[in-house]
Structure formats: structure tokens, C-alpha cells
There are 2 protein chains.
Amino acid sequence: MSEDSLVTESPRQPQLPSAELVDAVLAAVESGDAARLAGLLEPLHAADIADLLEQIEPDSRERLITLWGDRIDPEMLSELSEGVRDEIMPLLSPAQLQRLGDELETDDVVYLVEDLDEPVQEKVLEALDDADRAAVESSLTYPEDSAGRLMQRELVTAPEHWTVGEIIDYMRASDDLPELFYDVILTDPRMHPVGAVALSRIMANRREVPLASLTHEDLHLIRADQPQEEVAYAFNQYHMVSAPVVDADGRLVGVITIDDAMGVLEEEAEEDMRRLAGVGDEEITDRVWEIVRLRFPWLAINLVTAVIASLVISLFEEELRAVVALAVLMPIVASMGGNAGTQTLTVAVRALATRDLTASNMDRVVLREVLVGLGNGLAFAVIVGALGVVWFGSPMLGVVLGLAMVINLLAAALAGILIPLGLEKLGADPALASGTFVTTVTDVVGFFVFLGLAGMLLL
Amino acid sequence: MSEDSLVTESPRQPQLPSAELVDAVLAAVESGDAARLAGLLEPLHAADIADLLEQIEPDSRERLITLWGDRIDPEMLSELSEGVRDEIMPLLSPAQLQRLGDELETDDVVYLVEDLDEPVQEKVLEALDDADRAAVESSLTYPEDSAGRLMQRELVTAPEHWTVGEIIDYMRASDDLPELFYDVILTDPRMHPVGAVALSRIMANRREVPLASLTHEDLHLIRADQPQEEVAYAFNQYHMVSAPVVDADGRLVGVITIDDAMGVLEEEAEEDMRRLAGVGDEEITDRVWEIVRLRFPWLAINLVTAVIASLVISLFEEELRAVVALAVLMPIVASMGGNAGTQTLTVAVRALATRDLTASNMDRVVLREVLVGLGNGLAFAVIVGALGVVWFGSPMLGVVLGLAMVINLLAAALAGILIPLGLEKLGADPALASGTFVTTVTDVVGFFVFLGLAGMLLL
């Protein structure tokens, strides 16, 4: 930046906290040096301070919050992950709580208090002024993970007959505008939204132009009780930057902005990924015991399916005793099936989430997956068939391996696409535990077909 | 909406195309009824038309584009997935191409042409006017998936000494403003950005207020050669809505808006998910042969690791011959290890992507994963130990199963966390093929330890 810049405060480039900075912060906390701590945190963006807090030990976190005192950055709190948020909120002093209502939008306050125990939530709400408290309490009446929780109450509306000049005069005179907003929402006298005008269109037009002539072509209304993943989908699909939220009577109750939707979009993609891998809602800051507890059920389900696979194998003890090569080779067919099934499953789960897989193309996608399974099944049948011949010198063993491979990759394709489609049809999350269902199918089919064919053709 | 609404054109609620609508569109295409086709597509949002095109067969797609003619919606083209886009672009008539430059921002045109063959790309660029063509060509000089490809050239700047009144007068007089924008970028005389002012802050202040006093606290500059995932990360982390893009000399060359960043964020999360599952860059519209080809290499890698596991098993042919129960039970230990390793791996890959796993907390997270592995290892050791006793009536077999389980879940934890950390350290994508590496470790360790212990303790 040039030295003679007219920009009074030089804007800061946000920066991730380095390992050195983390160490310096910890040293300040250790020595109880409040001024040094504030000096170190001051230049950081709220989101980066939140990351820093998530990366240090719970004890240090607690001491840091106390030492930070009423210089605490309330924005930082709304950037915390849920686990750390719920750990820190009960620690806040009345002076720290005081600043929440003053500096945060209602959606951020809702995020901070929604999972707190009743008494702590009460304490936080009491620190708010009446209007803010009423707004937060009303948002809390909407279901968790709904648009009503995500929206902020602070918004700018105008009667539908206003002009550019009128809204500009109104905004200049108002001392209660939201910190950042992108649209002015036009409403009829009963507070039903009838259009939205982007600020850039207001600025580009003369004072006498009616706002009603400048509205976006699309008005995407969000119902307060809509699930947040639908909201995120709509923002992403329609490139919206903000959207009015209405109650059951169609009356305007708030606005959702794209930064909230972006967070949800990432959260939802991450949830799919975790569910496919059999990981619950754990966070990187959770303690050992909690993670053990969260992962146990998924492993337990996997154990059940592994035992089922073992039961299938035990049907063929005679064959295994007769030809030990079967025990050596049988995991290959099962493993390839599991892998191919996971490929299909992942593609199907994502396509369902992004609504690229619908009733219109379902038949075609299922057929395609079956053909892909057949294609790769044939390719690998040749390869493992050759392997059986070369390794064990038995052409018939090669035939058994090859046939089992084709059949199991077909089973993998069918399981990988039909299981998520079936779960979706039943109203369940197509990602939930479907990985385990798919590998159960490919293990059972893999072992059964390979050992069964071996029994028929080799013995 | 009330009937006496002043909003001239009633804004439409975007809506996903239903299966019936898709059928109606296909019927119109079949019968060559251009007016009916235009009538059906007209009420749809460009993004929804793009989805519709992706869901029908390639032949119908081609006929639809031809029939749509110069009433085509250019926005729709920029909403297409890459595969369908590259299939449609060469089909466009000169009249259709003409409309691209008139109606799209430069970033959208760049997206449309970046992967086209030279002659087709040339044809599209020729249809643009000189300024647009120069802008698009200059964007194409930046690397693929970089900020320079993502940015649009259309932006609003002001000299740093301007006031609110001056920028409002300038914008009202200009007939060349971008369709939507959120910030005015302040620049020094050499076009270095020195600050950005949100439109909402301009609107909230009086004409004589200097813009320099209204800038955002943070100015996050993006370098044109930065990878797009860094851009998406910054938008999500810092809740930005638009950001100036600068060249190597720090001069302003464009602007990136949050809707572009949101698309990238979803793409990147999806890429991690696909890579963990061993799926490449395929799309739901790809043909069978292409998908077979894209998935084959991952399955081939899996085959190699499965063969390695088989080689490990073959070391213990003697034990397997002696105790056939070993063949029945051995997949259990391997399968549980694979599952636990995938859990750890998924958490680690996501934490690296969201930068929640850093040098500051790495040691603690590794230790935590090992303890989680130990915790669940002990829990399942007891369960499978009991299973060995109950099923096969052999306490020693139970001990072997239990010990192997603990050791393999520890190996799973170490592999699940150290493999992605190692890949990251080497500058590789931590998601890439790491699932296969992890299951190789858990298969090899699982079979080796279980059969090895059985050899020592049972025979």
C-alpha cells in the first residue's frame, strides 16, 4: 500500500495462526499476561482465533478465555466448532456475555445458545436487551437445523411503492441497519415479501426510479421450518446471496445470507463423507473416551457383518481343508467387490445429495452401473484367472476365480446403487451405514460364490 | 402475492424440473415443436434447465439445443457440468454463440471455453466483442483451477479519495456496471487495491463521507495464480462476499464473488470424498466405457494390495491346513482393522482439508487416535475373544483373536493418521489413494498377526 494512502486504518490481511504464534499465545496465558495476550490476538481475524482455540488443550483454552476478559471478541465465539463452543459458553463472565448482544447478529447468538443447558442459556439470554432476547427466543422455537435457526432478524425492508430516493434517504437516516446486507426486501402492507432489490441496482439508478421496477427476476422464499440442507442447496443452485425467510402465513420473519448457507453446504458434504466411513458427529477437539464411544457402534455393526461373512465361509470348511489355496485366494474376490461397491455407492450418494440422480435418469444410471460392473468384472476376471493359473498352476482355479470376480463385481454394482436408492425411497439418509450394507453384500457374495464354485468345479 | 402488487413482473419461485416436465420437454423435442419447447423452458431457472439437460440422453440433448435455437439461455450453459458442457459447446450455431458475450460475465465465458479444442475455442472467441475477447484470453493465461480462471473482469473501482456522493453519481451515470456486485474497490493511482467498501455502508452514509473511512476492516487480496481451493477456503473462513484479485505486481485485475467460491468449496469436498473411495473425475453423465476406464486403475491398485494380503496368508498354509477355523475367522480381524482405519483416515483427511489439523495439534491428535484404537481394540478383543470360545470352544483361539484385534486396531489408528499426514508432508493430496494404503496395512497386519499368533499359541 502506498504511504500516502487515504484509507485511515490499513486493512489487515487475514492470516492463519502459525505454530510460533500459538506458542506465544500459550506462553502469555501461562504467565497470566493479559496485555500481551490481547496484543497477540488483536491482529487476528475472529475465525482464525477460533481455530487457534480449537487447537490448544482444554485447560489452556479455559485459562485463555478468563485472561482475555471483557476484551474478548464475540465474533470469535460464533466461529467455534460446536464442541468447543459448548465447553466455553458456560465459562463466560457477565461482562463477556454483555458484549454478545451488542456485537452479534441474532443468528450468531442463536448458534451460541441453542445447545446450552437451560440455566446457562437463561444466563446468556438475560444479558441481551429485550428486543434481541425476543428475537433469539423466537428463532429457538424453530426446529434444530432449520432455516429459522439460520436466519438473522436484522434486515432492511421497504414498502413496495417506494423509489430509489426514498430508500436511500431512509437508510441514511436509520441508525439501526444491519452491519452488512445485500438486498432490500419489498413487502406489501401485511409484511408479505413481494420482491427483492440488490443494492447494486439501487445504486445504479436515479432517485425517482421505483424500486418495484428493479427487483430480481427470481424471488426465492425460504420457509422458516425448511431443513438447512434445502436452504444450502437453493443458495448454491441459484447463486443467491441473500433470501427472505417467511413464516407459515407467508410473513417476512428474517433473512439468510450466503455465508451461512456456505457453512451448511460444507457441513452437509462432510456429513455424507463421515457417514460413508462410519464416523459420527465427532470433532477434532473431542476427548478420547467420547470418540471411542462414537465410533464403537459402527465398528460393532461391521463386526456383525464380518461374522456373517465368516458363517458363509464356515459352510465350506470341507473345501478349505481340501484345497488350502482357497483360503489364500478368497479375500481377493471379496476385497475387489468391496472396493467396486464403494465406488458405485460414493457416486450414487453424492449424485443424490446434489440432486443429479432423479426419477428421470434413475433407470439409466442403474443400467450404466451394472454395465460398468460387468466391464470391470470381465477385465479383472482375465487378470485374476491368469493369476490363479500362474501362482497355483491350476487352470480350473483360474476359471473359478474369474467367474467369482465377474459375479461379485455385478453384485457390487447392484448393491452400490440400489441400497442408497432404497434408503432414499424409505426417507432415510442414503449415506447412513450404506457402506456397511454394501460390503456385507460383497463379502457374502464373494466368499459364497468363490468357495461354492470351487466346491463344484475343483473337488 | 397481492393482486394489486406494484412489482411489475411477478418474480418466479425457482423449481426443480419434475419428471413430468422432463417428459413434456422430450415430447416437444421429439415433435420438433420449437415454440412449445421455449414455452416449457422459459419459466425455469438456468441452473434447473442445465440439470434437466444433464438428465436426458445425449441424442435428445443435441436435438434440444438445435431446436432451442437463438432463444437459448446463455446462463444455462455456464451451469452445465463439465462433461455435458464440452459436448454441447461445439454444437452451438453462430447466432447462439453471439449471445454468450452479450449476456455472460467473463468468468462464465472462461468456464465455457477453457477445455475446448483450439478451433472450437477460436470460433467462440471470435463471436465476442474485442474487449470481452481480450479479457477472456487474458484469464486463460492463468493456470487451470486458479483464481485467475475464476475471477470476473467486470468490477467497480473508485479512486481512494472519492466520497459517497461521487461514487453514487459515477454509478448512476455509468451504463457499463456489472449486473450484480457487492463492493466498490478503492485503488491508488497505480491500480493497487487499498480497500473495499460494501454497498450497504455506502448506502447508509451521507454524500460527503469519504469512502476511505468506510472500508472493511479486512482486505483479503487474492493472487490470480492462487489455487482455487485456497480461494474457497478464504471465502468460507472469513465470510467474504467478494474479493479483489491482483496480478504479480499487486495490480487489480478482477474480482471473485462468493457464488463462485461456493461452487469450488463443494467441488473440493466432493473430490476428497471421491478420492477416498477410489473414484476419479467421473460425472453422472459419462458413458459406460469412460467410467470403466476411470475406475479400473483404482481397482487395479486394490488388486495389488489384495494379492499382497494373499501372499501373507500363504505364509501360513500349514496352520490353515491344521486348523480350518483360522480360515473362517481371519477375515474378521482384517475387516475390523480396515473399518477402524477408514474412520481415522476420513477424520484426518477432512481435518487437513479444513485446516483443523495443523503442526500445533498434530502430536495430540496422533496420540488421541492411538488411544482410541487401543480403547476400541480392547473392547472388541473381549467380544471376539468370547466369540472364539463360544463358536469353536477353544479359549486359546479366543486369546489369539483378541490379541490380533488389539494389535490390528492400533495399526489401523497409526496408518489412518500417519499416512495422510505423510502424504500432506510430501506435498501430495492426503485423500489420494490413502484408503488403499490404509487397508493394505490393516489386511497385512491383520492376517499376519492373527495367523502368526495362531501358529505360536495353537499348534
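Heads up: the structure comes first, above all this text.
Here the residue numbers are simple positions, counted from 1 along each chain's written sequence. Following the order in which they are written, the chains are lettered starting with A and the ligands numbered starting with 1. Given that this is a predicted model, residues contribute local features only at a pLDDT of at least 70 and side-chain atom pairs are listed and counted only at 80 or more, while totals for whole chains, interfaces and linings are drawn from all residues. The basis for every side-chain value is the complete set of non-hydrogen atoms in the structure, without hydrogens or water.

**Student:** Tell me what's going on with the layout of surface pockets, and back it up with residues and numbers.
**Tutor:** Residues and elements named next belong to chain A. The distinction between a cavity and a pocket rests on a 1 Å grid over the protein atoms alone: a 1.4 Å probe fits inside a cavity but cannot get out, while a pocket stays open yet meets protein on both sides within 12 Å along at least five of seven lines, and a residue with an atom within 4 Å of a point counts as lining. Grid points are joined across faces, edges and corners, and a volume is the space filled by probe spheres set on the points. Within this model, the second largest pocket holds a volume of roughly 350 Å³. Forming the walls of the second largest pocket are 16 residues, and the residues nearest its centre are Glu-105, Asp-132, Glu-154, Asp-176 and Leu-177. The residue makeup of the lining of the second largest pocket, split by class, is 6 nonpolar, 2 polar and 8 charged. Each residue is assigned to one class: nonpolar for Ala, Val, Leu, Ile, Met, Phe, Trp, Tyr, Cys and Pro, charged for Asp, Glu, Lys and Arg, and polar for all the others, Gly among them.

**Student:** An account of the environment of Glu-54 of chain B is requested, with residue identities and associated values reported.
**Tutor:** Within the secondary structure, Glu-54 of chain B is located in helix H3 (residues 46-55). Considering only alpha carbons, one finds Glu-54 of chain B and Glu-160 of chain B, 106 residues apart in sequence, at a separation of 46 Å. Only heavy atoms matter for contacts: two residues are in contact if any of them lie within 4.5 Å across the pair. Beyond its immediate stretch of four places on either side in the chain, Glu-54 of chain B contacts Asp-356 of chain A together with Arg-61, Glu-79, Leu-80, Ser-81, Val-84 and Thr-285 of chain B. A run of H or I in DSSP counts as a helix once it spans at least four residues, and a run of E counts as a strand once it spans at least two, with each numbered from the N terminus.

**Student:** Describe the interface of chain A and chain B, listing the residues and the values that go with them.
**Tutor:** With 144 residues of chain A in contact, the opposing surface of chain B contributes 146 residues. Once two parts are brought into contact, the accessible area they lose, counted with a 1.4 Å probe and summed over both, makes up the buried area. Surface buried jointly by chain A and chain B totals about 12,900 Å² across both partners, of which 64% is contributed by carbon and sulfur atoms. It is Arg-172, Met-203 and Met-262 of chain A in chain A that bury the most area against chain B; as a group they hold 7% of the surface buried on that side. We define a salt bridge as a side-chain nitrogen of Lys or Arg found within 4 Å of a carboxyl oxygen belonging to Asp or Glu. There are 6 salt bridges connecting chain A and chain B. Between Glu-270 of chain A and Arg-350 of chain B there is a salt bridge, with the nearest N and O atoms lying 3.2 Å from each other. Any pair of N or O atoms that falls within 3.5 Å is considered a polar contact. Within protein, one atom must be able to donate a hydrogen and the other to accept it, and sequence-neighbouring residues count only if both atoms are side-chain atoms. At the boundary of chain A with chain B, the tally comes to 41 residue pairs in polar contact (both at pLDDT 80 or more). Among the residues forming the side of chain A that touches chain B, the class breakdown is 76 nonpolar, 35 polar and 33 charged.

**Student:** So what's going on with helix H8 (residues 106-113) of chain B? Which residues, and what values?
**Tutor:** Partly exposed describes any residue whose relative accessible area lies between the buried limit of under 20% and the exposed limit of over 50%, with all areas from a 1.4 Å probe on protein chains only and scaled to the type maximum. Taking burial as the measure, the 8 residues of H8 of chain B include 8 buried ones, the bulk of the element. All of the buried residues along H8 of chain B are Thr-106, Asp-107, Asp-108, Val-109, Val-110, Tyr-111, Leu-112 and Val-113 of chain B.

**Student:** Explain the relation of the copies chain A and chain B residue by residue, including any values.
**Tutor:** What sets the superposition is a least-squares fit of C-alpha atoms, and only residues with pLDDT of at least 70 in both copies go into it. Overlay of chain A on chain B (RMSD 0.1 Å): rotation 180 degrees, translation along the axis 0.0 Å. When the rotation and shift are considered jointly, the pair of chain copies conforms to a two-fold rotation axis. By residue overlap, the copies meet face to face through one surface: 100% of the interface positions of chain A are interface positions in chain B.

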